[in-house]
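Here are the chains, one letter per residue:
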Amino acid sequence: MAKLVFGMNQSLDGYVDHLEIRTGPALFRHWIEHVRDLTGSVYGRRMYEVMRYWDEDRPEWSAEQHEFAAAWRSQPKWVVSRSLKSVGPNATLVSDDIETVIRGLKAQLVGEIAVSGPDLARSLTDLGLIDEYRLYFHPVVLGRGKPFFAGPRPPLRLMASDRIGEDAIRLTYVPA
């Protein structure tokens, strides 16, 4: 049975913003390995549109960015959206009966499935489908933006804390 994991970089005050929060080399390496090891990812529409950046190689990319892109492209993706009409390579559009689809993925697959996007994570949390939350805190305060928890925080139990790179701390929680 697969495990559904929601994890994102965030500010100390709980906001996620890929343009404002920078990852250093050690954390970027962590994300490369993480993505490479995933069974797949479930994306909300907005996060999927952000991640489509990795669909095509760019000449200005470093070797690490090319490596991340290759890992991202190779994994299966399920995109939860009622407004999108199509999705890119190696992706499946999920527009109806999200609960059944996600429960089916968890039952049929083995390994970790990443959840990407706070709004999607809220919906999956409300359905009791997320098995683990990974909060990657960075030493920045944004004071605005999209919160990591798009709704009320579910009751959680701390399982681990890890320093990743120079600036990030990962806290791992499971539903209590």
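Before any of the text, the structure's been laid out above.
This report concerns the structure included in the present document.

### Some words on helix α3 (residues 63–74)
Structural remark: α-helix, 3.6 residues per turn; residues separated by three or four positions point the same way. For α3, built from 12 residues, the straight-helix expectation of 16 Å at 1.5 Å per residue is met to within 8% by its first-to-last C-alpha distance of 17 Å. Burial in α3 covers these residues: Phe68, Ala69, Ala71 and Trp72. Seen end-on, α3 carries its buried residues on one side only, within an arc spanning 165°. Opposite the packed face of α3, turned more than 90 degrees from it, sit the exposed residues Ala63 and Ser74.

### Some remarks on the pattern of salt bridges
Within the structure shown, the criterion is met by 18 salt bridges. With its nearest N and O atoms 3.0 Å apart, the salt bridge here joins Glu33 to Arg36. Residue Glu33 and its partner Arg36 are located together in helix α1 (residues 25–37), separated by three residues, close to a single helical turn. Through salt bridges with shared partners, a single network forms among Lys3, Glu112, Glu132 and Arg134.

### Side note on the sheet that holds strand β9 (residues 156–164)
If you walk across this open sheet you meet the eight strands as β5-β4-β3-β6-β1-β7-β10-β9, and the pairing is mixed. Looking at which strands have only one partner, the edges of the open sheet turn out to be β5 (91–94) and β9. Strand-to-strand twist of the sheet, defined as the mean angle between neighbouring strand axes without regard to direction, takes the value 25°. As judged from the four bridges shared by strand β3 (residues 40–44) and strand β4 (residues 77–80), these two strands associate in the parallel manner. Residue pairing across strands places Tyr43 opposite Val79, the latter belonging to β4. Where α1 meets the sheet, it contacts β1 (2–11), β6 (111–116), β7 (132–138), β9 and β10 (168–175), and its direction lies at approximately 160° from that of β7.

### Let's talk about helix α4 (residues 98–108)
Considered for burial, the residues of α4 that qualify are Ile98, Ile102, Gly104, Leu105 and Lys106. Looking at the packing, one finds that the buried side of α4 touches β1, β3, β4, β5, β6 and α5 (118–126).

### Notes on the pairing of β9
On any regular strand, side chains alternate: one points to one face of the sheet, the next to the other face. Pairing geometry for β9 and β10, over eight bridges, is antiparallel. Paired with Arg163 across the strands is Ile169, a residue of β10. Between β9 and β10, which pair antiparallel in sequence order, lie three residues; one of them, Gly165, sits at a positive phi of approximately 70°.

Conventions adopted
Residues numbered from 1 in each chain as written. Predicted model: local features only at pLDDT ≥ 70, side-chain atom pairs only at ≥ 80, totals over all residues. Heavy atoms only, no water. Helix = DSSP H or I, 4+ residues; strand = E, 2+ residues; numbered from the N terminus. Expected span 1.5 Å × (residues − 1). Buried < 20%, exposed > 50% of the residue type's maximum accessible area, 1.4 Å probe, protein only. Arc of directions from axis to C-beta. Salt bridge = Lys/Arg side-chain N within 4 Å of Asp/Glu carboxyl O. Pairing = 2+ DSSP bridges. Axes fitted to C-alpha atoms, helices over the stretch in contact; angles between N-to-C directions. Contact = heavy atoms within 4.5 Å.

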